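Survey of secondary and tertiary structure
The chain contents come next:
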Amino acid sequence: MAPVLVLWLAVFLSGTWAVDKGNFKTCDQSSFCKRQRALKPGESPYRALLETMELTNTRLTLQLINDNNKVRLLLELYRLQGNMTRVKINELKPLKPRYEVPDVLIREPPTEPLSLLSQDENGVVLSLGAESQRVILSARPFRLDIMEGRDVVMSLNSRGLLAFEHLRMRKDTFSYKVTSTVASVWNNIKRVFSSSQADPEAEKKEEADPAAQPEAAKEEEKDEDGMWEETFKSHTDSKPNGPSAVSLDFSLPGVEHVYGIPEHADTLRLKTTENGDPYRLYNLDVFQYELYNPMALYGAVPVMLAHNAQRTTGVFWLNAAETWVDISSNTAGKTVFGKMLDYVQGSNETPQTDVRWISESGIIDVFIMLGPTPKDVFSQYASLTGTQAFPPLAAVGYHQCRWNYNDQEDVAAVDAGFDEHDIPYDYIWLDIEHTDGKRYFTWDPHKFATPKEMLQGLSDKKRKMVAIVDPHIKVDSNYKIHNEIRSRSFYIKNKDGGDYEGWCWPGSAGYPDFTRADMRDWWASMFAYNQYEGSMENLDTWNDMNEPSVFNGPEVTMHKDAMHGAWEHRDVHNIYGFYVQMATAEGLIQRSGGVERPFVLTRAFFAGSQRYGAVWTGDNAAEWEHLKISIPMCLSLGLVGISFCGADVGGFFKSPNTELLVRWYQTGAYQPFFRAHAHLDTPRREPWLFGPENTALIREAVRQRYTLLPYWYLQFYHAHRTGEPIMRPLWVEYPEDPATFALEDEFLIGRDLLVHPVTEEGARGVTAYLPGKDQVWFDVHTFQKHNGAQNLYIPVTMSSIPVFQRGGSIIPRKIRVRRSSSCMMQDPYTLYVALNLQRTAEGELYIDDGHTFNYEKEFIHRRLSFANNVLSSVNLAPEAQFLTGSWIERIVILGASKPSKVLLKTDDGQESQVEFDFDASMSVLTLRKPGMNAGADWNVMLQ
């Protein structure tokens, strides 16, 4: 085994190898996807048995029947608070329970009353509260239409692609033979006693009474390849429960743009899949992944947003099994000319996007978020799965990483290099080589002999470290972690009941069952300072390889017939990484007695992972296309709640040339998670190794990040409170402007900063779209004013990072950049006031201690506003208590007129004059050293 592992690793580690797509399934190679995709629209066998309907104050239930096999399903429909609808479909009487995803929802969603508006033999109409909103449930075939007024907002099963593979006994078992005999006898009895004329009432009674339909009486169904066993390459999936896939289609009238369902290295606007594979959601370790295709990557968030100029909606498909998503559109493939021709000829075809979700197991549990605005959808989804964890301020700074820093001396040298070259950073990272033989929670006794000394040295400079802790555990009887897990029977089991073992970085490894709460509690306890020897409060954690990655497993992951207690791995696969990060974050919180906010980076994720930390886009490459794709990848994650996203600056595989490296730093400085990382086999690439000119360019990009930390931190606070993305597509703020709907080479940070990074090699200019018909935008570097609703060509040099501040906004900065964010805590602020056409502006200032959970009650949150030539600061949280030593040292007003004098009035009633400069050529007014405390009430009056 060892020689084979060494050979495999040699291939894996080679940076010259691209992804081998043959290692990963297509839909045709995934039997359940192939089966479901073969179903034809318009042939739905399902109808609703209206006589079984029960309507209570909180839900509607009724039975559906498959007329082909007589299997019954139970439909549950809920109206949820916040303009959402929940639809659940399960077998009425399954042979055994089917998996329902726990722990993702932050609570059982509160319901609101449903009321029956009308009913006949064809269906029922239900009110969704608002007079114009209702659900129409059609009986034959079963279909749901959500209406607003006369418009259909969304339809379910309108194409008749609902499918629910019921659990059954295998035909070659004794039980099946007995069942078949009973079925034969039953059918003979029916033939003997039935009359030539069927009795409609008896037939109706039989349909209404599930007991009148013995399992044995069901129509015999044909077994297809892959239902009970499936082989991919050298791996066989035993499928003891047989076929269990579920599927449902959704139609979105009036919609041409859909987004979300990360993670894929693809465009922001999702493409149609009719001529290729569906988008796949199945957490996989795919190194140096291919771009612009629907292959699965490291994480899976089964949430899709649909948007047009009138409405935004969302669909959350709560299922943790392997899932495929098909997208079709009646406007796909039409050119702009073709669409114009339709318009000229008076074509009345309404654009429509159809989406079909297919999952291997579990139930159908879907949340329909009805918006109607983008921010309503963000709020609705946040009410279900929670918001982005509020990170410590240091985590918002710059992170320096590679696989691997060699030893403590190397760490000290890199740390000193940042000081020598005057480049700030907050975290330095250690990859797997820092451990004692890939045994996590340990340190190499020779290279990292005194980890506390190393950590203390960083702490003295107000810096931190992240060390990797992966969820594969070396099988070694001398390793405490392994022995504890085995003795407690915490490992995932194989199909035969033994501990599941696979190959990963340590060689033979076991995989803890993080779906177990007691296992997660134990894992969390291992981060205690007296358990994780050498750790200190400035050591945070990185969870990699948690898809889980199994080098010798099918598709480089775990066998689907491995067991998590009563559940197969196929049922829980996509939620495994979610649980790893959950347990790790809880461990970091517990070690501080619940005081300190944790920072945990994860590679695998699911819906709800935003509650536990950050993600990154995985093992990218030092190529221009990988730089470009980092933007839509992070935008897609932000749309589904995961705001804390970034890509490996410089690319993980291969070696960037200096132009690409500089441009990547300039882009990464304006993405939420800002970390440089590199493969073991690449040359060193600390920022000062590429000559003084490039060092200066990188330094400037990093310093821009640090000057904007007050604004970044405010955006994280808002994301935590509201669920709104930090890095967001332009259409989120300009939802009625079709020109923004497919933009993915520029983005907004919050509402007020627009960024168009330079991502083309050798670029001499970029064209940025500045939105807003009555909007103005200011270049943050030159203060040049530009009108909105235009494509602006911007000449660029190697030092250019095109960034614009929205007119009507106020953005706080800290101009005095020091070696880390903690060193800047008490430094003064500069306020940049960008006036709109009405000569007004608004903004906010948020301050807390930067690292504890005390932000719940101890913080400063102030409204900054400019109107009628008065700039004021008003307390938004008078009940909160926090003191800061920071003060306002400068105010820069863009688009201003020259005043005759400037007066400052503080909350104690005192008035004083403020010195100022005015640049008439740029209409920029600079107020120097007004001197008021950042947490105080004050007014600055221009006269």
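Residues numbered from 1 in each chain as written. Predicted model: local features only at pLDDT ≥ 70, side-chain atom pairs only at ≥ 80, totals over all residues. Heavy atoms only, no water.

As a reminder, the rule being used: UniProt positions are given in the numbering used here, feature names are shortened, and annotations may be inferred rather than shown by experiment.
For the protein chain, an unreviewed UniProt entry supplies the name Neutral alpha-glucosidase AB and the organism Notothenia coriiceps. You can read under Pathway (unreviewed entry) in the UniProt record for the protein chain the words "Glycan metabolism; N-glycan metabolism." Check the Sequence similarities (unreviewed entry) section of the UniProt entry for the protein chain; it says "Belongs to the glycosyl hydrolase 31 family."

1. Description of the overall build of the protein chain
This is how it is decided: For the purposes of this entry, the term helix denotes a DSSP run of H or I that reaches at least four residues, the term strand denotes a run of E that reaches at least two, and both are numbered from the N terminus. Here the radius of gyration uses the C-alpha set of atoms, whereas the globule reference equals 2.2 Å times the residue count to the power 0.38. Note on areas: these come from Shrake-Rupley sampling with a 1.4 Å probe, and a residue is covered only by the protein chains present in the view.
Helix and strand counts for the protein chain stand at 17 helices and 54 strands. What you see for the protein chain is a C-alpha radius of gyration of 30 Å, in line with the 30 Å of a compact globule of 943 residues. For the protein chain, the spread of C-alpha atoms along the principal axes amounts to about 105 × 70 × 55 Å. A total accessible area of about 35500 Å² is found for the protein chain, and carbon and sulfur atoms account for 50% of it.

2. Considerations on the pairing of strand 2 (residues 59-66)
Let me state the cut-off plainly: Each residue's exposure class comes from its accessible area (1.4 Å probe, protein chains only) as a fraction of the maximum for that residue type: buried when under 20%, exposed when over 50%, partly exposed otherwise. Only strands that DSSP links by at least two bridges are regarded as paired with each other.
Here strand 2 lies mainly inside the structure; seven of its eight residues are buried. Sheet topology places strand 1 (residues 46-55) next to strand 2; six bridges connect them, and they run antiparallel. If you follow glutamate 54 over to strand 2, its bridge partner there is threonine 61. Note that strand 2 and strand 3 (residues 72-80) share seven bridges and pair antiparallel. Counterpart to arginine 59 in the pairing with strand 3 is tyrosine 78. Here strand 2 folds back onto strand 3 in antiparallel fashion, the turn holding five residues, of which lysine 70 has a positive phi close to 65°.

3. With respect to the sheet that holds strand 52 (residues 915-919)
Selection criterion: Geometry is summarised by axes, namely lines fitted to C-alpha atoms with helices restricted to the contacting stretch, and by angles between N-to-C directions that run from 0 to 180 degrees. Note on contacts: a residue pair is in contact if any heavy atoms of the two residues lie within 4.5 Å.
Here we have eleven strands laid out as an open sheet, ordered 51-50-54-48-47-46-44-45-49-53-52, and mixed in their pairing. For this open sheet the edge positions go to strand 51 (911-913) and strand 52, each flanked by a neighbour on one side alone. Here the strands of the sheet are splayed against their neighbours by 20° on average, with no regard to which way each runs. Relative to strand 53 (residues 924-928), strand 52 runs antiparallel, the two sharing five bridges. Directly across from aspartate 917, in strand 53, lies its bridge partner threonine 926. Those strands touched by helix 16 (residues 709-722) are strand 44 (809-813), strand 45 (829-834), strand 46 (841-847) and strand 47 (860-867), and its axis lies near 85° from that of strand 46.

4. Quick look at the sheet that holds strand 26 (residues 501-504)
Hydrogen bonds between backbone groups are what pair the strands of a sheet, and the pairing can be parallel or antiparallel. As summarised here, the arrangement of the three strands in space is 25-27-26, forming an open sheet in which the pairing is antiparallel. A strand with exactly one partner marks an edge of an open sheet, and here the two such strands are strand 25 (473-474) and strand 26. Bridging between strand 25 and strand 27 (residues 507-510) involves two bridges; their strand directions are antiparallel. Within strand 27, the position partnered with lysine 474 by the bridge is alanine 509.

5. What to know about the domain arrangement of the protein chain
It is common to give the size of an interface as the accessible area lost on bringing the parts into contact. Quick reminder of the rule: Domains are outlined according to an automatic or database domain assignment. Summed over both partners, the accessible area (1.4 Å probe) lost when two parts come together is defined as the buried area. Just to be clear on terms, a salt bridge is a Lys or Arg side-chain nitrogen sitting within 4 Å of an Asp or Glu carboxyl oxygen. Counted as a polar contact is a pair of N or O atoms within 3.5 Å, where, for protein atoms, one must be capable of donating a hydrogen and the other of accepting one, and residues adjacent in sequence contribute only when both atoms are in side chains.
Each domain of the protein chain was delimited in the assignment, giving domain 1 (395-470 + 518-548 + 571-724) and domain 2 (828-942). Counting residues at the interface gives 13 residues for domain 1, matched by 13 residues for domain 2. Across the domain 1 to domain 2 interface the summed buried area is about 1200 Å²; carbon plus sulfur atoms make up 57%. Taken as a group, Arg597, Tyr713 and Tyr717 account for 44% of the area that domain 1 buries against domain 2, more than any other trio of residues on that side. The tally of links from domain 1 across to domain 2 stands at three salt bridges. Joining domain 1 to domain 2, the criterion identifies eight residue pairs in polar contact (both at pLDDT 80 or more). Ranked by residues supplied to the side of domain 1 that touches domain 2, first place goes to helix 16 with seven residues.

6. Looking at the packing of aromatic side chains
The following threshold applies: The criterion for an aromatic pair is that two Phe, Tyr or Trp rings (for Trp, the six-membered ring) have centres within 6.5 Å, with stacked assigned to planes under 30 degrees apart, edge-to-face to planes over 60 apart and tilted to the rest. Sitting over a ring, as applied to charges here, requires NZ of Lys or CZ of Arg to be within 6 Å of the ring centre and within 35 degrees of the ring normal.
As enumerated under the stated definition, the model contains 50 aromatic pairs in all. Seen in terms of ring centroids, tryptophan 403 and phenylalanine 652 are 6.4 Å apart; in terms of plane orientation they differ by 5°. Their pairing is stacked. You can see tryptophan 403 sitting in the loop between strand 22 (398-400) and helix 7 (408-420) and its partner phenylalanine 652 sitting in the loop between strand 34 (648-649) and helix 14 (658-668), a full 249 residues away along the chain. In this pair, the class of tryptophan 403 matches that of phenylalanine 652, namely buried. Between phenylalanine 644 and phenylalanine 673, the ring centres sit 5.8 Å apart and the planes meet at 90°, which makes this aromatic pair edge-to-face. Of this pair, phenylalanine 644 sits in the loop between helix 13 (624-639) and strand 33 (645-646) while phenylalanine 673 sits in the loop between helix 14 and strand 35 (674-676), and the two are 29 residues apart along the sequence. Phenylalanine 644 sits in the buried class, given a relative accessible area of 1%. Three or more aromatic residues joined by ring pairs make a cluster, and in this case those are Tyr427, Trp429, Trp542, Phe599, Trp616, Phe644, Phe673 and Phe716. Directly above the aromatic system of tryptophan 616 lies the positively charged group of arginine 675, at a separation of 5.0 Å from the ring centroid.

7. Some remarks on the pattern of salt bridges
In the structure shown here, the tally under the stated rule is 63 salt bridges. One salt bridge in this structure joins glutamate 230 and lysine 25, with 3.5 Å as the shortest N-O distance. With glutamate 230 in strand 12 (residues 230-232) and lysine 25 in the loop between helix 1 (2-13) and helix 2 (31-37), this residue pair connects regions lying 205 residues apart in the sequence. Residue class for lysine 25 comes out buried when judged on its relative accessible area of 12%. We note a salt bridge from glutamate 230 to lysine 239, for which the minimum N-O separation is 2.6 Å.

8. Examining the packing of helix 13 against helix 14
Formally: Throughout this description, any angle smaller than 35 degrees is read as roughly parallel, any larger than 145 degrees as roughly antiparallel, any in the 65 to 115 degree range as roughly perpendicular, and the remainder as oblique. Amino acids outside the nonpolar list (Ala, Val, Leu, Ile, Met, Phe, Trp, Tyr, Cys, Pro) and the charged list (Asp, Glu, Lys, Arg) are all regarded as polar, and Gly is one of them.
Across the interface, helix 13 lies against helix 14 with an axial gap of 10 Å and an inter-helix angle of 5°. Taken together, the axis directions place helix 13 and helix 14 in an arrangement best described as roughly parallel. Counting all contacts with helix 13, which are made through Trp624, His626 and Leu627, the residues of helix 14 involved are Glu659, Leu660, Arg663, Trp664 and Thr667. Each residue belonging to the contact of helix 13 with helix 14 can be placed in one class, and the counts come to four nonpolar, two polar and two charged.

9. Topic: the side chain of glutamine 581
Along the chain, glutamine 581 turns up in helix 12 (residues 576-591). Glutamine 581 gets classed as buried once you look at its relative accessible area, which sits at 0%. For glutamine 581, the contacting residues outside a window of four places in its chain are Asn543, Val600, Leu601, Thr602, Ser609, Tyr612, Gly613 and Ala614.

10. Considering helix 9 (residues 480-487)
Defined as follows: Throughout, the arc means that of the directions going from the helix axis to the C-beta atoms.
Residues Ile481, His482 and Ile485 constitute the buried set of helix 9. Down the axis of helix 9, the buried set is contained in an arc of 95°. They therefore lie on one face. As for helix 9, its buried residues are in contact with strand 25 and helix 10 (517-525). Looking one or two places after helix 9, you find serine 489, whose phi comes out positive at around 60°.

11. Some points on the pairing of strand 43 (residues 803-806)
Residues Val803 and Gln805 point to one face of strand 43 and Phe804 and Arg806 to the other, with burial holding for every one of them. Relative to strand 43, strand 38 (residues 753-755) runs antiparallel, the two sharing three bridges. Residue pairing for strand 43: leucine 754 is matched across the bridge by phenylalanine 804. Note that strand 40 (residues 776-779) and strand 43 share three bridges and pair antiparallel. The residue bridging phenylalanine 778 from the neighbouring strand is glutamine 805, located in strand 43.

12. Thoughts on the state of the cysteines
This is how it is decided: The disulfide criterion is simple: two cysteine sulfur atoms within 2.5 Å.
Within the structure shown, the criterion is met by two disulfides. Bridging cysteine 27 to cysteine 33, the disulfide has an S-S length of 2.0 Å. Measuring handedness by torsion sign, the sulfur bridge of cysteine 27 and cysteine 33 sits at about -100° and is left-handed. As far as burial versus exposure is concerned, cysteine 27 and cysteine 33 are alike and both buried. What links to what in the protein chain: the bonded cysteines, counted in sequence order, pair as 1-2, 3-4. Cysteine 504 carries a free sulfur, and the closest cysteine sulfur to it, the one in cysteine 401, is 17 Å from it. Cysteine 504 gets classed as buried once you look at its relative accessible area, which sits at 0%.

13. A closer look at unusual backbone geometry
The omega torsion of the bond from arginine 140 to proline 141 falls at -10°, within 30 degrees of zero and hence cis. Along the chain, the position of proline 141 falls in the loop between strand 8 (133-138) and strand 9 (143-148). Omega for the peptide link from glutamate 547 to proline 548 comes to 10°, which places this bond in the cis form. Even without glycine at this site, isoleucine 261 takes up a positive phi of about 40°. By the secondary structure assignment, isoleucine 261 is in the loop between strand 15 (257-260) and strand 16 (279-281). We classify isoleucine 261 as buried; its relative accessible area is 0%. Here lysine 462, not a glycine, exhibits a phi torsion of approximately 60°, which is positive. Within the secondary structure, lysine 462 sits in the loop between helix 8 (451-460) and strand 24 (464-468). Overall, lysine 462 belongs to the partly exposed group, its relative accessible area being 45%.

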